[in-house]
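# Analysis of the macromolecular model
The primary structure of each chain is shown beneath.
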Amino acid sequence: MSNMSAMKKRLIKTLAESISGQVELFNTAEVECLIRDYNERLGEPTSPGKGAPGLDRVKFRSILQNTFGISDDIMMDRVFRKFDKDNDSSVSTKEWIEGLSIFLRGSLDDKIKFCFRVYDLNDDTLVSMEEMYHMLKNCLPGLPTKEERDEGVKDLVEITFKKMDRDHDGRLSFSDFEQSVKEENLLLEAFGTCLPNFKRVEAFEQRVFRELQK
Amino acid sequence: MGLSLTRAAQWTTAASGVDKLAPTPMNESLLKEVLCFVEQFSSQHPQEAELVFEEPLQWSTTLVASDFKTDYDISDLDVQSPEKDNEGRPLLQLFPPTVCVRSFSQLSKLVKLADNKKMEEVQACLEENRDPVVKILGPSLDSILEKEDAHTDGLSLVDEGKEEDQGKESDVKVKLFLLLQDLDKQLLSKCLKAMDGRVGLDPDAVRNEVEMLKRYCSEGEKRVLKSVRYTSDYVFSNGCRAPPWRQVLNEICYLVIEPCDTETLYITCSTAGVFLNGGINREGEQTSDVFEDIGALLKSTSPHFAQNANEQDFEAQELPPTQKTQHVESVDAEEQGQLQRSDEQQEKNVHEKAKQQHAPNKAHDRKKYEPCPRWKNLGLVSPCGKTPAGSVPVDTFSESSSESEEEEEQSERRPESDTDLPSEYWQIQKLVKYLKVGDQTATVLTLCAIMDFNLMQETCQLAIRDVGGLEVLINLLDTDEVQCKIGSLKILRKISHNVHIRRAIVDMGGLQSIMKNLDSPVKDLKALDAETIANVARFRRARRTVRQYGGIKKLVKLLDCVPNLANLTAEQEKDVEVARCGTLALWSCSKSTNNKEAIRKAGGVFMLGRLLKSPHENMLIPVVGTLQECASEEKYRIAIQTEGMIKDLVKNLSRDNDELQMHCANAIFKCAQDKQTRYLVRQYKGLQPLVSLLSKAHNKQLLAAATGAIWKCSISVENVTKFQEYKALETLLRLLTDQPEEVLVNVVGAVGEFAQIPDNKATIRNCGGIRSLVNLLTGTNQALLVNVTKAVGACATDMDNMIIIDKLDGVRLVWSLLKNPCADVQSSAAWALCQCIENAKDAGEMVRSLVGGLELIVNLLKSTNNEVLASICAAIAKIARNEENLAVLTDHGVVQLLTKLTNTTDDRLRRHLAEAVGHCCMWGSNRASFGDAGAVAPLVHYLKSKDKAVHKTTAMALYQLSRDPNNCITMHDRGVVKPLIYHMGSDDEMLLEAAAGCVRNIRLLAQENRKAKLFH
């Protein structure tokens, strides 16, 4: 048994070394912690040699909701897709850590890129008004009738679109988005919460990296 | 005496029911006034005091024959004064218990004799002579006084008086009459002031009602009244239109109203209610019942009014809201806040409804008011008991009264009707609605949309408030969503530049919510938060709230950063920004004294000292701004010096930023009261930059700060020498003309300090400074006058300067400043006079030429301010060197007045008092008089003082006094010899000689005595 765990440790270590070579924002020790956390979240111990299936959509969504406070359906789905770079419907160790590097340590530029990709629902490098409307359709829950809600959302989308379409070409490109956010940081998550807030990040880091802090 | 006294007395006797003055505080203060008038009368108006009364004032006194001194003829039966009138009747006669007095001089004497019973005497006199003026002046003159318009044409009166009686006596009589009339007015205004605070006048309510009634006077069928007008257009400061002597009777104003169906009505409005009067000039005669308001009176007299007024009630309801705000304009801040809030709440209700209805209309709004009868609405129902707006009791805050930059409430400009509302209003209303119903994402988007409005524009600021946006924004601060909080604060920090928004935020408790975020771990949030507080805490109540909810401590914590590292990381830069915003907030808060202390206790001084090392001006300005604000407190001044901040302040004087330079100069201005600080400023080479700031004469605030700093620094002579290298004096002298007073005060202060050095006195003369200084003597600013007199005094120590001062009539100007009500000005003027008299060529003649000057100066010996007394004593010592003038001083009773002061324990006063006594001995029997008055014994005691200067002047005074044998005996009895012998060993020759001379005189007397015994 101790043999097994020693072997596992060694495996994790090599994996951590290889990943930390690619992800700048974490050091090897931190990556190790993240891998262990990932394995715990995965539940069943992964036997060495076999390809890890990774986090599936359901597990990922529950992590997003419980750990990172992202609860909107569309957003959870979009974030999963952006984590799952190879589109195999599961988030591997490496994908997980890459994603987390933006969640936890990402610079404003990283985050702008990430958010824009999340909001670009059809991946055509533009956020259209329809996409906006789709993402924001439930954002005014306090209004009494559906008509009023639709009306309000439409109004809000129009105001926001007008505001962010810097080059006035009727489309929201990445550079429009980037400029707007740089000018007013609050617009980073303009169309839905897709990043964990400060408190969640802090709590997560404290829990996962607690060994390192000792 | 006539009007006010009889009226005021009536007014109170009615209350007590007996023919006596009730022991009310107002009566007491009236009595005191009268007493004071009588006491000073014979000294202030000697001629009038001798005038014989038409009829004697007679009353039963508590005085007995033994109370009268030897100057009276005392027999078994009665006491008579030696002075008689031209019919041979004594001017004062006492048949116990009745006393008859026929002149003011006798009255004055009697009052002095009565000593501690003088109040009772005056009271008895007034009670038993209900019309003293008639008795004094005879019925003919008094009747003129009774005419209510008498005071408006005093001149014609003088003529009348002349015609009636011939000769000098009538002249005096008229003067006396005018004096009495002055007293009368004085008493009246005093009464009114007292009543203002007590009685429930409400001129505002009357005014509002009259305004409204005037609306009924429209033409056409609907008109309800023909006309409404006041009998007088003049409004007194308390809002009344009735003349003062009728205000005493609680009357506010008189109206003439022409109804449509009855004859013209003459109406008196008083605090007790409204009634019909006897017509013009017979306003006091009440010819109807008393009604609670004008409306009620009209309804009972004019059926037409009663019928139509009700129909028009609604229209009258729509008084523009501004009327209410006007009403509170002059009220204390706290009060204002509340009133305004209630005002706002009403408004909010309107908007609440408007929202529900989506299309607000006037008819709907009107319904809301329906149940209230109109008159009640205006607060007219309560007949009295409401204090008028102007006299709300002064605030009870613990804060300093010297609050700087306290902002005043401005009346709001508000659009009159919905149609005038700008489009922004509706857009903001819509967005605020989204804020209320949206989720986090929508909230952030909406906040960003609101930020796109011009939030520095009042329309938008007030729109946010008016649609209830402030509540929503404040509520967001209590949530967990950092983005929402940041967005909310980004809006709040901008709109809080508006006075009304600030007050609204504080009124709804928003400041507490804002302060909660000061502990947030998110730095952007903290910085925004502090910045918002900096804006909101611009008025007293807000500052107090910050302190009471522990905001000061939290803000001081924000300052914890290292500002002067070469390379800052992004995080460190954020720390610096947080510290900067924190300092901004503390700067706003530091305008309250209690907050200054709280900042200090929270360790703010050290933190500020560290931030002072920052290289960035945007950090330095709030830091130095706070420091200079706090430097009004001594603890801060010490801390600024000991924490080594003077060096940094001096360094920043040279930065090319007017605002920063101004704050630095102000800080030095306040701190340089301390000697060590002055030394440090010189040490760190701060004097030159201060002088070079004088070239920025266009910026008056900066100039005031720089000249202030120069003034205080120049208190050290070494600094003056240094200043001279930079030609500071010449520059300062150029600033003596055409500058605002706050600059002049400092410039003149500095010139006064510079003039302590002989060379500079010539410079001042050569640059024409003397003339400028003398010109400033005619000003009214007390701080300026203190400094000007000081500077003139310093310049006068130079003979050539003194010639110019004399030529420009400067001495007379300084002398007349002795009449200034401010004690500081009085003493400063007196000190300047000392120098002038000492250095003038023919000082004796100069002093004599000032008519009434000596009397004025002797009378100031009655001052209660020790500094004034000391300066006056010093001046008297100088004046007394001239024999003729000393004779005049003696006539004015200088000996008695000086003697009265001898019991003082103030060494400064003692020193100059002894000097004055010493010099005043040189005339006639003054030595003996001092002895008789009892001045010797206390003077002997002065020798035990710890102050050497006191010893010297005392020894000299004692030497003079010892030339009177009786004084020698007193001195000897008091044990003068031992201390004198001690002082004979002094290094100071004058002290030594005086002490020795005094001992010699005592010895000689003893020898004479022995001889006399031997040969007897």
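Under an unreviewed UniProt entry, the name given to chain B is Outer dynein arm docking complex subunit 2, and the source organism is Gasterosteus aculeatus aculeatus.

Where an unreviewed UniProt entry is consulted, chain A appears under the name EF-hand domain-containing protein, with the organism given as Gasterosteus aculeatus aculeatus.

## Some details on the interface of chain A and chain B
Facing the 23 residues of chain A at the interface are 24 residues of chain B. Approximately 1900 Å² of surface area, both sides summed, lies buried where chain A meets chain B, with 64% of it carried by carbon and sulfur atoms. Where chain A packs against chain B, one counts 4 salt bridges. Note that Lys430 of chain B and Asp155 of chain A form a salt bridge whose closest N and O atoms lie 2.9 Å from each other. On inspection of chain A and its partner chain B, the count reaches 7 residue pairs in polar contact (both at pLDDT 80 or more). Of all elements in the fold, only α8 (146–164) and α10 (198–208) of chain A reach the threshold of two or more residues within the side of chain A that touches chain B. Counting residues per element, the side of chain A that touches chain B draws most heavily on α8 of chain A, which supplies 6 residues. Partitioned by chemical class, the residues of the side of chain A that touches chain B number 12 nonpolar, 6 polar and 5 charged.

## Overview of the environment of Leu702 of chain B
Residue and element names in this part refer to chain B. In this fold, Leu702 is placed in helix α38 (residues 700–713). Note on Leu702: relative accessible area 0%, which makes it buried. Linking Leu702 and Leu660, residues 42 residues apart in sequence, is a C-alpha distance of 9.3 Å. Sequence-distant contacts of Leu702, that is, excluding residues within four places in its chain, are made with Asp658, Gln661, Met662, Leu693 and Lys696.

## Points about a negative patch on the surface
On the surface, a cluster of negative charge is contributed by Glu147, Glu148, Glu151 and Glu158 of chain A. Tracing the backbone through its elements, the reader meets Glu158 of chain A in helix α8.

## A look at the sheet that holds strand β7 (residues 251–259) of chain B
All names here are of chain B. The strand order across the open sheet formed by 4 strands is β6-β7-β8-β9, and the pairing between neighbours is antiparallel. The sheet is open, and its two edges are formed by β6 (225–230) and β9 (273–276), each paired on a single side. Here the strands of the sheet are splayed against their neighbours by 25° on average, with no regard to which way each runs. As paired strands, strand β8 (residues 265–270) and β9 are joined by 4 bridges and run antiparallel to one another. Among the inter-strand pairings, Thr268 is bridged to a residue of β9, identified as Phe275. Seen against the sheet, helix α10 (residues 203–215) touches β6, β7 and β8 and runs at an angle of roughly 150° to β6. Seen against the sheet, helix α12 (residues 294–301) touches β6, β7, β8 and β9 and runs at an angle of roughly 150° to β8.

## Regarding the nonpolar core
Of all hydrophobic cores here, the largest spans 281 residues; its most connected members are Trp96 and Phe103 of chain A together with Trp815 and Ile857 of chain B. No other element matches the 10 residues that helix α50 (residues 866–879) of chain B contributes to this core. One finds Leu30, Leu35, Phe41 and Leu63 of chain B within the second-largest nonpolar core, a separate group that totals 39 residues.

## Looking at the packing of aromatic side chains
How two aromatic rings sit relative to each other is given by the distance of their centres and the angle of their planes. Tallied over the full model, the rule gives 20 aromatic pairs over all chains. Between the aromatic rings of Tyr38 of chain A and Trp96 of chain A, the centroid separation amounts to 6.3 Å while the plane-to-plane angle is 40°, which identifies the pairing as tilted. Of this pair, Tyr38 of chain A sits in helix α2 (residues 28–42) while Trp96 of chain A sits in helix α5 (residues 93–105); the two residues are 58 residues apart in sequence, bridging distant segments of the chain. In this pair, the class of Tyr38 of chain A matches that of Trp96 of chain A, namely buried. Seen in terms of ring centroids, Phe37 of chain B and Phe104 of chain B are 6.1 Å apart; in terms of plane orientation they differ by 85°. Their pairing is edge-to-face. Separated by 67 residues along the polypeptide, Phe37 of chain B in helix α2 (residues 25–44) and Phe104 of chain B in helix α4 (residues 104–114) bring together distant segments of the chain. Grouping residues by exposure puts Phe37 of chain B and Phe104 of chain B together as buried. An aromatic cluster of three or more residues is present, and its members are Tyr38, Phe60, Phe68, Phe80, Phe83, Trp96, Phe103, Phe114 and Phe204 of chain A. Its end group placed over the ring of Tyr230 of chain B, Arg241 of chain B keeps NZ or CZ at 3.4 Å from the ring centre.

The rules we used
- Residues numbered from 1 in each chain as written.
- Chains lettered and ligands numbered in written order.
- Predicted model: local features only at pLDDT ≥ 70, side-chain atom pairs only at ≥ 80, totals over all residues.
- Heavy atoms only, no water.
- Contact = heavy atoms within 4.5 Å.
- Buried area = accessible area lost by both parts, 1.4 Å probe.
- Salt bridge = Lys/Arg side-chain N within 4 Å of Asp/Glu carboxyl O.
- Polar contact = N/O pair within 3.5 Å; in protein donor to acceptor, adjacent residues only side chain to side chain.
- Helix = DSSP H or I, 4+ residues; strand = E, 2+ residues; numbered from the N terminus.
- Nonpolar A, V, L, I, M, F, W, Y, C, P; charged D, E, K, R; others polar.
- Buried < 20%, exposed > 50% of the residue type's maximum accessible area, 1.4 Å probe, protein only.
- Patch = residues over 30% accessible without salt bridge, like charges linked within 9 Å, V, L, I, M, F, W, Y side chains within 5 Å.
- Areas by Shrake-Rupley, 256 points an atom, 1.4 Å probe, with all protein chains shown as cover.
- Lys, Arg positive; Asp, Glu negative; His and termini not counted.
- Charge placed at Lys NZ, Arg CZ, Asp CG, Glu CD.
- Pairing = 2+ DSSP bridges.
- Axes fitted to C-alpha atoms, helices over the stretch in contact; angles between N-to-C directions.
- Core = buried A, V, L, I, M, F, W, Y, C linked by side-chain atoms within 4.5 Å.
- Phe/Tyr/Trp six-rings, centres within 6.5 Å; stacked < 30°, edge-to-face > 60°.
- Lys NZ or Arg CZ within 6 Å of the ring centre and 35° of its normal.

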